[in-house]
2 protein chains.
Amino acid sequence: MSKEKLVVAVVGATGAVGREMLKTLEQRAFPAHKVIALASARSAGTRVPFNGTELTVQELTEESFEGVDIAIFSAGGSTSEKFAPFAAKAGCVVVDNSSAWRMDKRCPLVVPEVNPQDLEWHNGIIANPNCSTIQMVVALKPLHDAAKIKRVVVSTYQAVSGTGQKAIDELESQVRQLFNMQQPEPKVYPYQIAFNALPHIDVFLDNDYTKEEMKMVHETVKIMGDESIKVTATAVRIPVFYGHSESVNIETEKKLTPAQARAILTQAPGITVLDNPKEKIYPMAIEATGEDATFVGRIREDETIENGLNMWVVADNIRKGAALNAVQIAEMLIERDLLGVKDTTVFQ
Amino acid sequence: MSKEKLVVAVVGATGAVGREMLKTLEQRAFPAHKVIALASARSAGTRVPFNGTELTVQELTEESFEGVDIAIFSAGGSTSEKFAPFAAKAGCVVVDNSSAWRMDKRCPLVVPEVNPQDLEWHNGIIANPNCSTIQMVVALKPLHDAAKIKRVVVSTYQAVSGTGQKAIDELESQVRQLFNMQQPEPKVYPYQIAFNALPHIDVFLDNDYTKEEMKMVHETVKIMGDESIKVTATAVRIPVFYGHSESVNIETEKKLTPAQARAILTQAPGITVLDNPKEKIYPMAIEATGEDATFVGRIREDETIENGLNMWVVADNIRKGAALNAVQIAEMLIERDLLGVKDTTVFQ
């Protein structure tokens with residue numbers, strides 16, 4: 001595949017993540033000859049900004065992928081489920097941001113800093129992990145390599161942008177309603193999100209965990225390629241627009257001092273360590289917004305177990321948690337010459 | 001002590017917690033003959049609402065406690081440190097909401113639902129625990145009695161009201177500034193709290209934990225009266241006005257199923273279980289505001305260890321976390337006939 005002729009499609013181009021994907025392609029000077037914006041019939045004809053000009057959004061159909069090399073999907077699970085196989089059939093490699101294909105054995109689930117090798121065996125559909133999982137595994141992987149992680153207890157502090165543009169609007173309008181002595185109206189979330197904390201992200205499952213929490217459990221194992229890593233998660237939505245924060249407690253097989261962990265993470269790809277409590281330096285959602293890095297700080301020894309650490313992990317959920325990770329996968333497909341679909345029947 | 005002649009002083013009556021204390025005394029029809037409002041010279045002369053009328057705030061001095069039976073302090077650590085001994089010397093029992101006396105061996109640290117027996121040995125100063133600790137131990141105690149808690153990993157989601165009225169004002173004004181395209185001004189907190197999460201409550205200590213986090217570690221052990229309970233904490237301020245939430249992971253010696261834990265907590269004093277995920281019922285900060293109970297929900301098995309549970313604990317940090325707990329202690333002192341100071345030299 002000559003880069004000069006590379007055609008990239010962004011599916012769901014009008015959504016919060018879709019727009020960020022176009023912005024990320026632009027900012028990173030992604031080597032595409034042509035970028036196509038696709039969305040549902042409802043959004044077709046609208047225009048989205050790209051590279052100083054605008055793209056006219058085209059309707060997503062089964063035939064949209066002829067001549068397209070890479071399709072980055074961010075249009076919800078059911079759209080991905082339906083249309084990604086048509087892309088793969090047409091020889092177009094899908095990088096899918098929904099949860100539809102993540103646990104499918106035919107699909108690698110990839111964070112470029114963690115398991116780039118899994119791209120080698122793709123069958124046309126590559127899954128982008130859940131936002132809260134991505135930033136966590138970026139921080140876990142170098143520590144796992146150094147000391148083998150046995151158990152993770154994580155509690156998240158997730159931004160509304162993870163739910164999409166409607167949720168961003170809802171937080172803003174609820175704040176305005178409250179400040180004008182009006183009753184806030186919950187539509188996107190079951191309850192008021194303004195000035196509240198909702199221990200409820202995605203649907204509840206039979207084990208009383210939410211789907212979001214179980215994504216962190218299962219996706220971590222698949223990405224890290226190690227079934228011995230045990231994760232228990234509590235996923236919480238808080239009134240923050242951009243940037244997920246995570247309180248991560250880990251137990252390792254080998255001892256790691258906070259200083260050792262800090263040194264390892266400082267060297268690790270995709271990570272910026274912000275950890276100087278005396279100077280009040282630690283990661284924060286508002287500082288992570290618009291940044292590519294996963295920020296790690298508040299690294300300290302957990303003295304309740306022999307080999308324990310606590311840390312605070314923050315990233316822009318729309319960038320590293322979604323758009324950037326997907327674009328990084330696309331870049332790596334080009335670099336490693338992994339475009340094209342060898343067997344176009346796998347998902348048929 | 002005849003209840004007809006009982007005199008109660010509220011020290012720090014103009015602050016957020018002080019006002020809530022007066023409201024709580026009023027709402028619970030506290031059997032006081034007279035309530036005195038005390039504060040620093042700066043606030044003396046101002047009026048605070050109480051029982052349909054107003055109290056004129058008097059200046060706090062070394063002589064303020066003559067003829068006073070109970071003094072509930074909520075005026076900061078240095079005020080408590082200086083003035084509580086004068087109260088005790090005058091035979092007035094202090095219930096102190098600051099951190100000044102909590103770890104002092106001469107002072108019981110009491111949550112009425114957890115360790116009422118510790119009131120028996122008071123020496124004139126009784127400490128009210130930290131807000132985030134109170135609600136946690138209310139939930140932990142019945143589980144500890146049933147199955148012995150070995151380890152707790154807790155991450156908090158704390159409201160700005162815990163910092164006081166100035167922080168409540170700061171969150172509000174920062175939101176208004178941001179919605180008017182102005183740069184928000186942090187004064188109370190080191191960084192913007194609006195639409196952010198700050199992993200920093202109280203000062204940082206030498207071990208890189210915050211004082212707030214270590215309060216949860218040490219106070220839990222003292223209140224529960226069991227040094228074998230190990231707690232590791234991450235304390236986080238979020239943009240919520242009232243109500244602290246906590247993600248609490250526990251490891252017990254004996255197995256407890258979520259159903260057993262739910263049944264135990266349902267019977268326990270001071271707790272309301274809100275735990276029906278299918279009906280989207282779980283505790284939330286906005287629902288806990290103004291309530292006396294500690295709310296527990298999201299109770300589920302942590303399958304990463306043999307005997308593990310996750311739960312979500314929410315309470316009004318100004319009520320159960322401060323004012324209510326202090327007033328409950330005062331009520332118990334009357335009920336159990338524990339007023340008066342036997343040895344007025346202990347703190348001299």
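Residues numbered from 1 in each chain as written. Chains lettered and ligands numbered in written order. Predicted model: local features only at pLDDT ≥ 70, side-chain atom pairs only at ≥ 80, totals over all residues. Heavy atoms only, no water.

### Re the pairing of strand β11 (residues 244–252) of chain B
Consecutive residues of a regular strand have side chains that alternate between opposite faces of the sheet.
All names here are of chain B.
Argument step 1. For β11, a buried count of 8 out of 9 residues is recorded, marking the element as mostly surrounded by other parts of the structure.
Argument step 2. Pairing between strand β9 (residues 149–157) and β11: 8 bridges, direction antiparallel. Among the inter-strand pairings, Tyr-157 is bridged to a residue of β11, identified as Ser-245. (Buried < 20%, exposed > 50% of the residue type's maximum accessible area, 1.4 Å probe, protein only. Helix = DSSP H or I, 4+ residues; strand = E, 2+ residues; numbered from the N terminus. Pairing = 2+ DSSP bridges.)

### A few points about the sheet that holds strand β12 (residues 271–273) of chain B
Residue and element names in this part refer to chain B.
Argument step 1. Read across the sheet, 6 strands follow the order β10-β9-β11-β14-β13-β12 without closing on themselves; strand pairing throughout is mixed. The two strands at the open ends of the sheet, each matched to only one other strand, are β10 (230–234) and β12. With strand direction ignored, the average angle separating the axes of adjacent strands in the sheet is 25°.
Argument step 2. Helix α3 (residues 131–147) contacts β9, β10, β11, β12, β13 (294–301) and β14 (308–315) of the sheet and is inclined by roughly 30° relative to β11. (Axes fitted to C-alpha atoms, helices over the stretch in contact; angles between N-to-C directions. Contact = heavy atoms within 4.5 Å.)

### Some remarks on the UniProt feature "binding site: substrate" (unreviewed entry) in chain A
Residue and element names in this part refer to chain A.
Argument step 1. Taking the UniProt record as the reference, the feature "binding site: substrate" (unreviewed entry) is found at Gln-158 and Arg-237. Of the residues just listed, which span 80 residues, no C-alpha pair is farther apart than 4.7 Å, and they cluster in one region.
Argument step 2. Sequence-distant contacts of Gln-158, that is, excluding residues within four places in its chain, are made with Cys-131, Ser-132, Ile-201, Glu-212, Ala-235, Val-236, Arg-237, Ile-238 and His-244.
Argument step 3. Mapped onto the secondary structure, Arg-237 falls in the loop between β10 (230–234) and β11 (244–252).
Argument step 4. Overall, Arg-237 belongs to the buried group, its relative accessible area being 6%.
Argument step 5. Sequence-distant contacts of Arg-237, that is, excluding residues within four places in its chain, are made with Gln-158, Ala-159, Val-160, Gly-162, Thr-163, Tyr-189, Ile-193, Asn-196, Ala-197, Leu-198, Ile-201 and His-244.
Argument step 6. Here Ala-159 takes part through its backbone oxygen, which lies 2.7 Å from a polar atom of the side chain of Arg-237. (UniProt positions renumbered as here; feature names shortened; annotations may be inferred. Polar contact = N/O pair within 3.5 Å; in protein donor to acceptor, adjacent residues only side chain to side chain.)

### Comments concerning the interface of chain B and chain A
Argument step 1. At the junction of the two partners, chain B supplies 59 residues and chain A supplies 59 residues.
Argument step 2. Together chain B and chain A conceal approximately 5,200 Å² of surface at their shared face, both sides included; 59% is due to carbon and sulfur atoms.
Argument step 3. Per-residue buried area on chain B facing chain A is highest for Arg151(B), Phe179(B) and Phe195(B); these three make up 13% of the total on that side.
Argument step 4. Here chain B and chain A share 8 salt bridges between them. (Buried area = accessible area lost by both parts, 1.4 Å probe. Salt bridge = Lys/Arg side-chain N within 4 Å of Asp/Glu carboxyl O.)

### A look at the sheet that holds β11(A)
Residue and element names in this part refer to chain A.
Argument step 1. Spatially, 6 strands are ordered β10-β9-β11-β14-β13-β12 in an open sheet, and the strand pairing comes out mixed. The two strands at the open ends of the sheet, each matched to only one other strand, are β10 and β12 (271–273). On average, adjacent strands in this sheet sit at an angle of 25° to one another, irrespective of strand direction.
Argument step 2. Most of the contacts of helix α3 (residues 131–147) go to β11, to which it runs at about 30°, and overall it touches β9 (149–157), β10, β11, β12, β13 (294–301) and β14 (308–315).

### Concerning helix α8 (residues 319–335) of chain A
Residue and element names in this part refer to chain A.
Argument step 1. With 17 residues, α8 should cover 24 Å at 1.5 Å per step; its first-to-last C-alpha distance of 21 Å lies more than 12% under that length.
Argument step 2. The sharpest bend along α8 comes to roughly 35°, located at Asn-325.
Argument step 3. Among the 17 residues in α8, 16 count as buried, and that is most of the element.
Argument step 4. Two residues or fewer after α8 comes Asp-337, characterised by a positive phi angle close to 55°. (Expected span 1.5 Å × (residues − 1). Bend = angle between axes of the 7 residues up to and from the residue.)

### Quick word on the relation of the copies chain B and chain A
Argument step 1. Superposition record for chain B on chain A: RMSD 0.0 Å, screw rotation 180°, translation along axis 0.0 Å. Both chain copies can therefore be described as sitting about a two-fold axis.
Argument step 2. Most of the interface of chain B is mirrored in chain A, where 100% of its interface residues are also at the interface. (Least-squares fit on C-alpha atoms with pLDDT ≥ 70 in both.)

### So, the domain arrangement of chain A
Residues and elements named next belong to chain A.
Argument step 1. Per the domain assignment, the segments of chain A are domain 1 (7–100 + 323–335) and domain 2 (132–317).
Argument step 2. Of the residues lining the interface, 5 residues belong to domain 1; the matching set on domain 2 comes to 6 residues.
Argument step 3. Summing both sides of the interface, domain 1 and domain 2 together bury roughly 450 Å²; the carbon and sulfur share of this comes to 57%.
Argument step 4. Sorting the residues of domain 1 by area buried against domain 2 places Ala-16, Ser-99 and Leu-324 first, and these three jointly supply 64% of that buried surface.
Argument step 5. Where domain 1 meets domain 2, there are 1 residue pair in polar contact (both at pLDDT 80 or more).
Argument step 6. For the side of domain 1 that touches domain 2, the class distribution of residues is 2 nonpolar, 2 polar and 1 charged. (Domains from an automatic or database assignment. Nonpolar A, V, L, I, M, F, W, Y, C, P; charged D, E, K, R; others polar.)

### Re the packing of α3(B) against helix α5 (residues 211–224) of chain B
For any two helices packed against each other, one specifies the crossing angle of their axes together with the interaxial distance.
Residue and element names in this part refer to chain B.
Argument step 1. Relative orientation of the contacting elements α3 and α5 amounts to 40°, with a least axis distance of 10 Å. By the criterion of interaxial angle, the relationship of α3 to α5 is oblique. The element α3 and its partner α5 pack so that their crossing is right-handed. Of the residues in α5, those in contact with Cys-131, Ser-132, Thr-133, Met-136, Val-137, Leu-140, Lys-141 and His-144 of α3 are Glu-212, Lys-215, Met-216, Glu-219, Thr-220, Ile-223 and Met-224.
Argument step 2. Residue classes in the contact of α3 with α5 are distributed as 7 nonpolar, 4 polar and 4 charged. (Parallel < 35°, antiparallel > 145°, perpendicular 65-115°, else oblique. Left-handed = near helix turned anticlockwise from the far one by under 90°.)

### Examining unusual backbone geometry
Residues and elements named next belong to chain A.
Argument step 1. In this model, Asp-208 sits at a positive phi of 75°, which is unusual for a non-glycine residue.
Argument step 2. Structurally, Asp-208 is set in the loop between α4 (165–179) and α5 (211–224).
Argument step 3. Of note, the phi angle at Asp-337 is positive, near 55°, even though the residue is not glycine.

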